[in-house]
Amino acid sequence: RLIVNADDYGLSRGVNTGIIEAAEKGVVTSASMMVNLPGFDDAVVRARSCPSLSLGLHLNLTTGKPLTAAPSLTRKKSGQFYTVSALIARASLGRVDSADVTRECTAQIDRMIEAGIAPTHLDRHRHVHAHPALWSAVLEAAASRGISDVRVPSEPLWANARDWRATLKKTGLRISTRFARRGADDHDVINFFGVSLQGGSSFAARLFALIPELPPGTTELMTHPGYVDAALSEHDGYTWQREEELRVLCTGELRELLAHSEIELTRHSDNGHRTLRTQ
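Residues numbered from 1 in each chain as written. Predicted model: local features only at pLDDT ≥ 70, side-chain atom pairs only at ≥ 80, totals over all residues. Heavy atoms only, no water.

K.L.:
Would you take a moment to explain the overall build of the protein for this structure?
P.N.:
Looking only at helices and strands, one finds 10 helices and 8 strands in the protein. A compact globule built from 279 residues should have a C-alpha radius of gyration of about 19 Å, and the protein, at 18 Å, falls within 12% of that. Projecting the C-alpha coordinates of the protein onto the three principal axes gives extents of approximately 50 × 40 × 35 Å. Here the protein holds 279 residues, and 54% of them are scored as buried. In the protein, 72% of the contacts between residues at least 6 apart in sequence involve partners at least 24 apart. Surface summary for the protein: the accessible area is close to 12600 Å², and the carbon and sulfur share equals 51%. The distance from the centre of the 32 positive side-chain charges to the centre of the 32 negative ones in the protein is 5 Å. (Helix = DSSP H or I, 4+ residues; strand = E, 2+ residues; numbered from the N terminus. Rg over C-alpha atoms; globule rule 2.2 N^0.38 Å. Buried < 20%, exposed > 50% of the residue type's maximum accessible area, 1.4 Å probe, protein only. Contact = heavy atoms within 4.5 Å. Areas by Shrake-Rupley, 256 points an atom, 1.4 Å probe, with all protein chains shown as cover. Lys, Arg positive; Asp, Glu negative; His and termini not counted. Charge placed at Lys NZ, Arg CZ, Asp CG, Glu CD.)

K.L.:
Help me understand helix α1 (residues 13–24), please; the structure alone is not making it clear to me.
P.N.:
Residue pairs three or four apart in sequence face the same way in an α-helix, which turns once every 3.6 residues. Taking 1.5 Å as the rise per residue, α1 with 12 residues should run 16 Å; its terminal C-alpha atoms sit 16 Å apart, in good agreement. Within α1, the full set of buried residues consists of G14, V15, N16, G18, I19, I20, A22 and A23. Elements that come into contact with the buried residues of α1 comprise β1 (2–9), β2 (30–33), α2 (40–47), α8 (230–235) and α9 (240–249). (Expected span 1.5 Å × (residues − 1).)

K.L.:
I tried to follow unusual backbone geometry on my own but got confused; where do I start?
P.N.:
Most peptide bonds take the trans form, and the phi angle of most residues other than glycine is negative. Positive phi, close to 75 degrees, is recorded for D8, a residue that is not glycine. Relative to the assigned elements, D8 resides in strand β1. One non-glycine residue with positive phi stands out, namely E262, at about 55 degrees. One can find E262 in the loop between α10 (252–260) and β7 (265–267). With relative accessibility at 73%, the residue E262 sits in the exposed group.

K.L.:
It is not clear to me how helix α5 (residues 132–144) should be interpreted in this structure. Could you clarify?
P.N.:
By the burial criterion, the buried members of α5 are L134, W135, A137, V138, A141 and A142. On its buried face, α5 sits against β3 (54–59), α3 (84–92), α4 (98–114), β4 (122–124) and α6 (164–180).

K.L.:
Help me understand the pattern of salt bridges, please; the structure alone is not making it clear to me.
P.N.:
Two side chains carrying opposite charge are able to pair once their charged atoms lie near each other. Summed over the entire model, instances satisfying the criterion amount to 11 salt bridges. Across the salt bridge formed by D42 and R46, the nearest N and O atoms sit 2.7 Å from each other. With D42 and R46 both in helix α2 and 4 residues apart, the pair spans about one turn of that helix. Its relative accessible area of 12% is what places D42 among the buried residues. (Salt bridge = Lys/Arg side-chain N within 4 Å of Asp/Glu carboxyl O.)

K.L.:
Would you explain the side chain of K170 in this entry?
P.N.:
Mapped onto the elements, K170 comes out in helix α6. One buried charged residue, K170, forms no salt bridge at all, with the nearest opposite charge on E155 at 4.2 Å. In this structure K170 touches E155, P156, L157, A159, V195 and S196, once residues within four positions along its chain are discounted.

K.L.:
How should I be thinking about the packing of aromatic side chains in this particular structure?
P.N.:
The geometry of an aromatic ring pair comes down to the distance between the two centres and the angle between the two planes. The tally for this structure, following the rule as stated, stands at 1 aromatic pair. Ring centres 5.5 Å apart and planes at 55 degrees place the aromatic pair W158 and F193 in the tilted group. Of the two residues, W158 sits in the loop between α5 and α6 while F193 sits in strand β5 (residues 191–193), which places them 35 residues apart along the sequence. (Phe/Tyr/Trp six-rings, centres within 6.5 Å; stacked < 30°, edge-to-face > 60°.)

K.L.:
I tried to follow the confidence of the model for the protein on my own but got confused; where do I start?
P.N.:
Detailed reading of predicted coordinates is not advised where the pLDDT is low. Taken as a whole, the protein shows an average pLDDT of 91; of its residues, 95% reach a score of 70 or greater. Within the model, pLDDT remains below 50 along residues 270–279, and this stretch shows 27 contacts once partners closer than five positions in the same chain are excluded. (pLDDT = per-residue confidence, 0-100.)

K.L.:
Is there a simple way to explain the packing of helix α7 (residues 203–210) against α9 in this structure?
P.N.:
How two helices sit against one another is set out by the angle between their axes and by the gap between those axes. One can describe the packing of α7 onto α9 by two numbers: an axis separation of 9 Å at closest approach and a directional angle of 45 degrees. Classified by the angle their axes make, α7 and α9 are oblique. Judged by the twist between their axes, the crossing of α7 over α9 is right-handed. Along its contact with α7, which presents F203, A204, L207 and F208, the element α9 presents E245, V248 and L249. (Axes fitted to C-alpha atoms, helices over the stretch in contact; angles between N-to-C directions. Parallel < 35°, antiparallel > 145°, perpendicular 65-115°, else oblique. Left-handed = near helix turned anticlockwise from the far one by under 90°.)

K.L.:
Can you help me understand the packing of α1 against α2 in this one?
P.N.:
One can describe the packing of α1 onto α2 by two numbers: an axis separation of 9 Å at closest approach and a directional angle of 20 degrees. It follows from the interaxial angle that α1 and α2 lie roughly parallel. The way α1 lies across α2 gives a crossing that is right-handed. Listed contacts from α2 to R13, N16, T17 and I20 of α1 are D42, A43 and R46. Residues of the contact of α1 with α2, tallied by class, amount to 2 nonpolar, 2 polar and 3 charged. (Nonpolar A, V, L, I, M, F, W, Y, C, P; charged D, E, K, R; others polar.)

Right under this line is the structure:
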C-alpha cells in the first residue's frame, strides 16, 4: 500500500494548483497543509473541489510568522520564525521552550479545523519535528486533537545511496528520530521515502527505480508537486523541480508501474488506510 503525499499545500497558489492537479490527474492521494502562509485560504477553497484528498497539517516553524506568541521560536525584531539551521541550533542548546512548540502546533491544527478540515495526519516542514527537543511537544499537540498519525521521517539508507547529500540528510534524520523516539513501539510506524527522490531532472529515474523495491505494508512517499510562482520563489528554493515532479506524478507510465508492482494507492485516514484504485 502506498500513500503519495504532497507536502507544502498552502505555500503558494502555484503549489496549490499543482497539488490538486496531481491528485485529480495523477497518483497523489494525500497532502499536508501549511496554514500560516498566504496560500492557505486558496488551498482551503481548492480542497473543496477534491474531497477524496486526505489532508493533514504540514506544521511550519521555520517560514513566516507564528499564529501564537512564541518568543523562543521567533526573532525579536521581525517576529519571523528562525531559519531551519537556527531553530535546530537553538533546540540543541536547550533554548526552545517546548510550551511554545505545543501552543503553536495546536493553533495550526485548530486553524485547519476552523476552516472545516479535520487533519488526518501531521508532519512538519523540513522535518524539524524529528529533533529530540521538539518531538514530544509536537506529539502532545497532535494527541490533544486526536491525531495519531505523525510522520516518522526515517528513510532507509539504501534508497538512492549514491546521492551523498541525500544520504547525509537521511542519516541525520535517522539518528534524530531514533533519539526522539527512544523506547517507542515501531509496530504501527508507516514506512517513509522521499528525501532520496528530490533532484529535479532525476526525480523520474529515482522514483521508477524505487517503486518495485518498496517494502511490505504501508509506505508514505513524500513528494513536492507544484507550479512556480512569485510567492513560492520568495519562501522556498525548491522551485522548478516541483513542476518536474508534477509531470512525473501524472504519467500513465507511473500508474502502469504501480499496477505491475501490485501496489495499491491508499491515503491517511482517521479510520486506517483506505484503499484506492490504481487505475
